Structure formats: structure tokens, C-alpha cells
Amino acid sequence: MTPTPHRTNPRPQGTNAHPLRFGYGTNGLADLRLDDALALLADLGYDGVGLTLDHMHLDPLAPDVAARTRKVARRLDALGLGVTVETGARYVLDPRRKHGPSLLDPDPADRARRVDLLIRAVRIAADLGAHAVHCFSGVLPADSTHLADPAHLADPAAPAHPAATADPAEDSAWKRLAETLTPVLDAATHAGVPLAVEPEPGHLLATLADFHQLRRILGDPPALGLTLDIGHCQCLEPLSPADCVRAAAPWLRHVQIEDMRRGHHEHLPFGDGEIDFPPVLEALAATGYQALTVVELPRHSHAGPHFAAQSLPFLHRAARAIPAGAEGSTP
């Protein structure tokens, strides 16, 4: 395919001097070749891309992944696109288990496969010049009784873990998550690429409070950051999405955005949910956040080019509503 020159799409009049940078996730363009998806986003005026490592795009398990990564890096540079690496591919490790195996898998060998994937993602991100690597915890195993520490159960007077929960099995799951993530954080530290953990509804780490629990267990390592999904804030956080942004500001390394309704974990096109977006973007601009804010519509790939074309003008209109002076300040 002949490379498409990047078309610089001027910011709409009225946006701030410190503009937000919008991207679109390739998990919402799964029916397009990666080269075509990147060209589409550049032509539409996006600032970057949330690149999900998957078999149909940049396969992290391919034997020639290093050469493929170099090619993608050159393409991103030619198109003027920033990038964040995402690791939420549904079946990249196991064709039978969605998002499996996870960091919480009972089988140590399976957990090691997830760790290997994330370390590969860190290396790819470093080679691409990515802002961050996104990941999530996974769900608590259905039969989590095996996670409980027998010594703790046998001795109720034993000192509790600093972040202990009321459920010993869940407390042990947190310990497992921290231990499994440690080599990934070491790789991220070495590569100079933040690891941005996403609170995901239904997972062990589901909320901002859960993120802080993990941060405390790990001792607040500098490489550990946060992926904040604005829709998830609407879905289940006690704070409003805008207040979530303000609360999360010191740890923000990646932002995903879509519409959503309270209590329903369903990623919706803008305008189909309940979120008031100008206050969210105002809060985000006020934090000084400079990485990508990526549209996350993985279940809309069947019409991905349509939703990519519709989403950016919506976000620009919402950004125009940010009052002058909101940019560049910190909470």
C-alpha cells in the first residue's frame, strides 16, 4: 500500500492552547489491516492510536515481531501518530478462554504466559516510542478457595497483610497480583515505559480504590500508573467521571473514553449513554495530561470507520466547551 501523507487537521477554533490529544483504539478497527487503520486515523485528524497487540494487527507472539514493530514505528512516524500499547486482546493467548490466562490464573505456567505477553508489550512499546503499556488484573478465579493462605487461616492471630480484605482468598489474590506484576514493572522501569493498569468492571482490580490498594501493596513504584476509562467511571465509581479524573490525576498515564450508562458495562458511541463530556474534558485538560485519550469501542468494529469518523468531531465539540483558562492548571 502506498504510504499516505499525514494530513494535519487543524484544531477547531475555540479549543485550548494546551489541547487534548485524541486517539482511536485498533480493537475497534479489527476488520481493517493495521496499515489501513493507521492511515484512516491520520486522514481523520486523530493525534494517535491505542494499538491492541493482536493476531490481526501487530502479533506480539509472531517470530518476526521485532521487524514488524520497526515497520509499524516507521509508519506511525510518517503519519505523525502517537501510540499507546494496549494488551486487552480477547484470544491472543488462548483460543478458548477470553482474556485468558490472566495474572490471577491458578496455574503458575499460565500466569507466566501472561507475564511474558506483558513484557513483550513493554519491549514493543519502547521500540514504538509509546506513551504507556495498558493492562488489567483479570477476574478472581471462580474457585478462589485455593488462593487462601493456609497459615493465615490456621492462625487467626497472625498479622494481616497491610492491604488485607475481609476475605482471605481475595487478600491472597491481591498478593498474587502484586507478585505476578513485579517482573513486568521491572521491565517497564528498565525500558522507561509506564505500566498503566486499568480498573475493569468485574475484575479483581475494578475501581480507583482497588488501584490504590495495588499501589500500596507494591510500595508505590514509579513505573506503576493508571489507565482511566471514562465510561467505567460512569458505570460504577461513586464519583462523577470528571471528579474521577481529578482524583486520578497524579497517576494518569493513559485514558480511554466512550459513552456508558450507570450500572451497565457496555461501551457506547458518544451520545448513546449518560456522560456529560465537556466537564470531563475540562477536568482532563486542567490536570496537564499530555498523553492520548483513546476512543474505546471494541464491539463496534463492524462499523469501525464510521464510528471513528463520528467520534473525533464529537470530542472536538465537547473540547470547545472547555472554559478559557482551564488548560495547564493542576488540581
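Residues numbered from 1 in each chain as written. Predicted model: local features only at pLDDT ≥ 70, side-chain atom pairs only at ≥ 80, totals over all residues. Heavy atoms only, no water.

S.K.: Please explain the pattern of salt bridges as it appears in this structure.
M.R.: When their charged atoms lie close together, side chains carrying opposite charge are able to pair. Summed over the entire model, instances satisfying the criterion amount to 10 salt bridges. The partner of D64 in a salt bridge is R68, with the nearest N and O atoms 2.9 Å apart. Classification of R68 as partly exposed rests on a relative accessible area of 35%. Between D110 and R97 there is a salt bridge whose closest N-O contact spans 3.2 Å. (Salt bridge = Lys/Arg side-chain N within 4 Å of Asp/Glu carboxyl O. Buried < 20%, exposed > 50% of the residue type's maximum accessible area, 1.4 Å probe, protein only.)

S.K.: Just to check I follow, could you spell out the packing of helix α8 (residues 241-248) against helix α9 (residues 277-287) for this structure?
M.R.: Helix packing geometry: the angle between the two helix axes and the distance between the axes. One can describe the packing of α8 onto α9 by two numbers: an axis separation of 8 Å at closest approach and a directional angle of 10°. The angle between α8 and α9 falls in the class roughly parallel. Remark: the crossing between α8 and α9 carries right-handed chirality. Contact with α8, carried on its side by P241, A242, V245 and R246, involves P279, V280, A283, L284 and T287 of α9 and no other residues of that element. Residue composition of the contact of α8 with α9, grouped by class: 7 nonpolar, 1 polar and 1 charged. (Axes fitted to C-alpha atoms, helices over the stretch in contact; angles between N-to-C directions. Helix = DSSP H or I, 4+ residues; strand = E, 2+ residues; numbered from the N terminus. Parallel < 35°, antiparallel > 145°, perpendicular 65-115°, else oblique. Left-handed = near helix turned anticlockwise from the far one by under 90°. Contact = heavy atoms within 4.5 Å. Nonpolar A, V, L, I, M, F, W, Y, C, P; charged D, E, K, R; others polar.)

S.K.: What am I meant to see in the confidence of the model for the chain here?
M.R.: One rule of thumb: low pLDDT means the predicted coordinates there are not for detailed reading. Per-chain confidence: the chain averages 88 in pLDDT, with 85% of residues scoring 70 or above. Here residues 1-17 is modelled with pLDDT under 50, and outside its nearest four sequence neighbours on either side it reaches 37 contacts, counting other chains as well. Counting contacts from residues 145-164, a segment whose pLDDT is below 50, to residues more than four positions away or on other chains yields 22 contacts. (pLDDT = per-residue confidence, 0-100.)

S.K.: Sorry if this is basic, but what is going on with unusual backbone geometry here?
M.R.: Backbone geometry follows two general trends: most residues other than glycine have a negative phi, and most peptide bonds adopt the trans configuration. Residue P101 follows G100 across a cis peptide bond; omega there is -10°. Along the chain, P101 turns up in the loop between β3 (82-86) and α3 (108-128). For H99, which is not glycine, the phi dihedral falls at a positive 60°. Secondary-structure assignment places H99 in the loop between β3 and α3. Although it is not a glycine, D220 adopts a positive phi angle of roughly 55°. When you line up the elements, D220 lands in the loop between α6 (208-218) and β6 (224-229).

S.K.: I would appreciate a short explanation of the nonpolar core in the present structure.
M.R.: Within soluble globular proteins, side chains that are nonpolar tend to cluster in buried spots. Of all hydrophobic cores here, the largest spans 85 residues; its most connected members are Y24, L128, L177, L181, L228 and L281. Here this core gets 9 residues from one element, more than from any other, and that element is helix α5 (residues 168-191). Non-local contacts of L181, meaning those with residues more than four positions away in its chain, are made with L103, L118, C135, L195, V197 and L214. (Core = buried A, V, L, I, M, F, W, Y, C linked by side-chain atoms within 4.5 Å.)

S.K.: Honestly, the pairing of strand β1 (residues 21-25) in this entry has me stumped. Any pointers?
M.R.: Looking along a regular strand, one sees side chains alternate from face to face of the sheet. Across the 5 residues of β1, 4 count as buried, placing the element largely inside the fold. Where β1 meets strand β10 (residues 292-295), 4 bridges bridge the pair, whose relative direction is parallel. Bridge pairing in β10 places R21 opposite L292. Running through helix α1 (residues 34-44), the crossover from β1 to the neighbouring parallel element strand β2 (residues 48-52) is right-handed. (Pairing = 2+ DSSP bridges. Right-handed = clockwise from strand over helix to strand, strands pointing away.)

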